[in-house]
Amino acid sequence: GTYDGGIFIEVTRFVSSGDASSYLNSILSDFEGQSGSRTSVSAADQHWLAFTGSGESVFTWRKGIWVFVVIAPSESLRNQVASELPY
């Protein structure tokens, strides 16, 4: 959904955690080579990406079969929105 203040939230449920991981990996590859600040972790118990650049800040993570994406105009707003999500 798109919300006031330039906030975008996407929550996607997949059939398997492998499908969720594949989707998150495709998002990770979208940010390769873009200028900005990028941090990502892909391990057995953690799978997430944080990116800030080009006038937007993105945080995406996987929890089981769910993938969450938060996009906001600033890193602080992105973090505030992401922290209010239940997962």
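What counts, and at which threshold
- Residues numbered from 1 in each chain as written.
- Predicted model: local features only at pLDDT ≥ 70, side-chain atom pairs only at ≥ 80, totals over all residues.
- Heavy atoms only, no water.
- Helix = DSSP H or I, 4+ residues; strand = E, 2+ residues; numbered from the N terminus.
- Rg over C-alpha atoms; globule rule 2.2 N^0.38 Å.
- Buried < 20%, exposed > 50% of the residue type's maximum accessible area, 1.4 Å probe, protein only.
- Areas by Shrake-Rupley, 256 points an atom, 1.4 Å probe, with all protein chains shown as cover.
- Lys, Arg positive; Asp, Glu negative; His and termini not counted.
- Charge placed at Lys NZ, Arg CZ, Asp CG, Glu CD.
- Contact = heavy atoms within 4.5 Å.

A word on the overall build of the protein. Looking only at helices and strands, the protein features 2 helices and 6 strands. Along its sequence from the N terminus, the protein presents helices and strands in the succession β-β-α-β-β-β-β-α. Against the compact-globule benchmark of 12 Å for 87 residues, the protein has a radius of gyration of 12 Å, which places it among compact chains. Viewed in the frame of its principal axes, the protein has a C-alpha envelope of about 35 × 30 × 20 Å. Relative to its 87 residues, the protein shows a buried fraction of 33%. Total accessible area on the protein is roughly 5100 Å²; 50% of this is exposed by carbon and sulfur atoms. Separation between the mean location of the 5 positive side-chain charges and that of the 9 negative ones in the protein comes to 8 Å.

Tracing the chain through its elements places isoleucine 65 in the loop between strand E5 (56-63) and strand E6 (66-72). Each C-alpha atom of the pair isoleucine 65 and serine 17 lies 4.4 Å from the other, and the pair is 48 residues apart in sequence. For isoleucine 65, the residues in contact, after removing those within four places along its chain, are Thr12, Arg13, Phe14, Val15, Ser16, Ser17 and Ala20.

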